[in-house]
Amino acid sequence: MVVKKVEEEKIENADVEISEEKVDELIKEMKASEKSKKGSKKKKEENKPQLIDLPGVGPGAVAKLEAAGIYDLMGLAVLTPAQLSDMSGMSESVARKAIQASRQMMDLGFSDGLAHEEKRKELFHITTGSKNLDNLLGGRGIQTKSITEAFGAFGSGKTQLALSLAVGVQLPVEQGGANGKAVYIDTEGTFRPERVRQFAEGIGANPDKVLKNILVARAFNSDHQMLLLDRVAELIKDGEPIRLMIIDSLTAHFRAEYSGRGQLADRQQRLNRYLHNMMKLAEQNNIAIYVTNQVMSDPAQMFGDPTKAIGGNIVGHACTYRLYLRRGKKDSRICKLIDSPDLPDDATAFMIETAGLRDLDL
Ligand code: GTP
Ligand code: MG
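Residues numbered from 1 in each chain as written. Chains lettered and ligands numbered in written order. Predicted model: local features only at pLDDT ≥ 70, side-chain atom pairs only at ≥ 80, totals over all residues.

### A short note on the nonpolar core
Okay, step 1: Of all hydrophobic cores here, the largest spans 60 residues; its most connected members are L165, A166, L244, M245, I246, I289 and Y290.
Okay, step 2: Among the elements that make up this core, the one with the highest residue count is helix 9 (residues 158-168) (six residues).
Okay, step 3: M245 has contacts with V183, V232, I287 and I289, leaving out every residue within four places of it along the chain.
Okay, step 4: Residues L54, V57, L76 and L84 belong to the second largest nonpolar core, which totals 14 residues. (Core = buried A, V, L, I, M, F, W, Y, C linked by C-beta atoms within 7 Å. Buried ≥ 20, exposed ≤ 12 C-beta atoms within 10 Å, placed from the backbone. Helix = DSSP H or I, 4+ residues; strand = E, 2+ residues; numbered from the N terminus. Contact = placed C-beta atoms within 7 Å.)

### Some thoughts on the pairing of strand 6 (residues 242-248)
Okay, step 1: Most of strand 6 is tucked away: seven of the seven residues are buried.
Okay, step 2: Pairing geometry for strand 4 (residues 181-186) and strand 6, over six bridges, is parallel. Bridging from a neighbouring strand, I185 pairs with I247 of strand 6.
Okay, step 3: Judged from the four bridges that link them, strand 6 and strand 7 (residues 288-293) form a sheet pairing that is parallel. Opposite I247, over in strand 7, you have V291 as the bridge partner. (Pairing = 2+ DSSP bridges.)

### Some points on the pairing of strand 13 (residues 356-359)
Consecutive side chains of a regular strand alternate in pointing toward one face of the sheet and then the other.
Okay, step 1: Alignment of strand 12 (residues 346-353) against strand 13, held across four bridges, turns out to be antiparallel. In the sheet register, E353 faces strand 13, and the bridge partner there is G356.
Okay, step 2: As consecutive antiparallel partners, strand 12 and strand 13 are separated by two residues.

### Quick notes on unusual backbone geometry
Okay, step 1: A cis amide bond links D248 with the next residue in sequence, S249, at an omega value of 10°.
Okay, step 2: Tracing the sequence through the fold places S249 in the loop between strand 6 and helix 13 (252-257).
Okay, step 3: Phi angles above zero are rare outside glycine, and D331 is one such case at about 65°.
Okay, step 4: As for its position among the elements, D331 is in the loop between strand 10 (321-327) and strand 11 (333-338).
Okay, step 5: The phi torsion at D339 lies on the positive side, around 55°, for a residue other than glycine.
Okay, step 6: Assignment of secondary structure puts D339 in the loop between strand 11 and strand 12.

### What about the site of ligand 1?
Okay, step 1: Around ligand 1 there are 13 residues in total, and F154, K158, T159, Q160 and T354 lie nearest to it.
Okay, step 2: Those elements that provide at least two residues to the shell around ligand 1 are helix 9 and strand 12.
Okay, step 3: Here the element with the most residues in the shell around ligand 1 is helix 9; it accounts for three residues.
Okay, step 4: Split into classes, the residues belonging to the shell around ligand 1 amount to two nonpolar, nine polar and two charged. (Near = placed C-beta within 6 Å. Nonpolar A, V, L, I, M, F, W, Y, C, P; charged D, E, K, R; others polar.)

Just geometry here; none of it tells us what the structure is for.
Shown next, in the form of structure tokens:
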């Protein structure tokens, strides 16, 4: 009890110690380092064909494509001429030429199923701590090179699941982990070390060691949150064996900062860019990403559940697996898998207990 108090105070103090000016300074610093990095990256990528190198694609069209979340040749190569023409304002015949050119430049061909299977073997899986939930996700929990989103009302278990995953990722592969560390981007100050201790004790792990393998950063606003992605990439480059990145919550800052009706398009565009960068980070480094998302009530919905996730289709399409969490009977939690690319839509139930997530008999 005493320990808990001390730790809680520590968290609170950590927030107070960093002044607003300090945050501004930090963000400026990060932006500056991002700029200088961009400069050197440009040089490196000069030889690599870019969107602007395509016939009929000028700077205006590039800007429009980027706004729609298409940053590279691959993004373009998978479009149809009609889609591209819609997005960029170019005529369909020009769009067709640009797409053909991008496909040629990309050497977009076939790779056999076996090669694909080989590639998928590189994936790691991370147990959620609940067999029911793991099974809902195909048997072994969440996976690397994908984004798993959990959305639900407050108290539905999104953060508890995040903490359980942060512990699970550290397990050896045979025990359902990825033998790696977790990065925890905390936007709301709800990371609780004492809960991690309890989860660790629940599976007989050393709580100090488990806590040491979770790198926590508090994101103070959406700018800071987005810039932290680069920090994670740097950590990985420096050799940190990170296999899981948690963003709790993905949308809270965006929602608070872009609350006006006229700002919705701006917000969605930034979220889209952020998610795109996140997916790239996941794919390039073989890490799993788990994000939480709030819900709002949708007054237009007359029947069924009137809640829907923040961020709408932009978030929905960018996330590979979407989980909808809600409270069930007797304080259980119901988890529903929605729109998975390779698994049936299904639901399961579990309990949140002090020592971790516990399965409910179905
Ligand atoms: P928001 O962040 O507010 O949107 O909610 P969330 O979905 O992140 O909720 P979270 O995962 O934090 O779940 C909170 C709930 O978990 C509490 O209401 C409790 O029911 C349960 N819980 C949290 N800690 C404990 C614990 O130590 N023991 C038990 N038995 N339950 C706990
Ligand atoms: Mg939470």
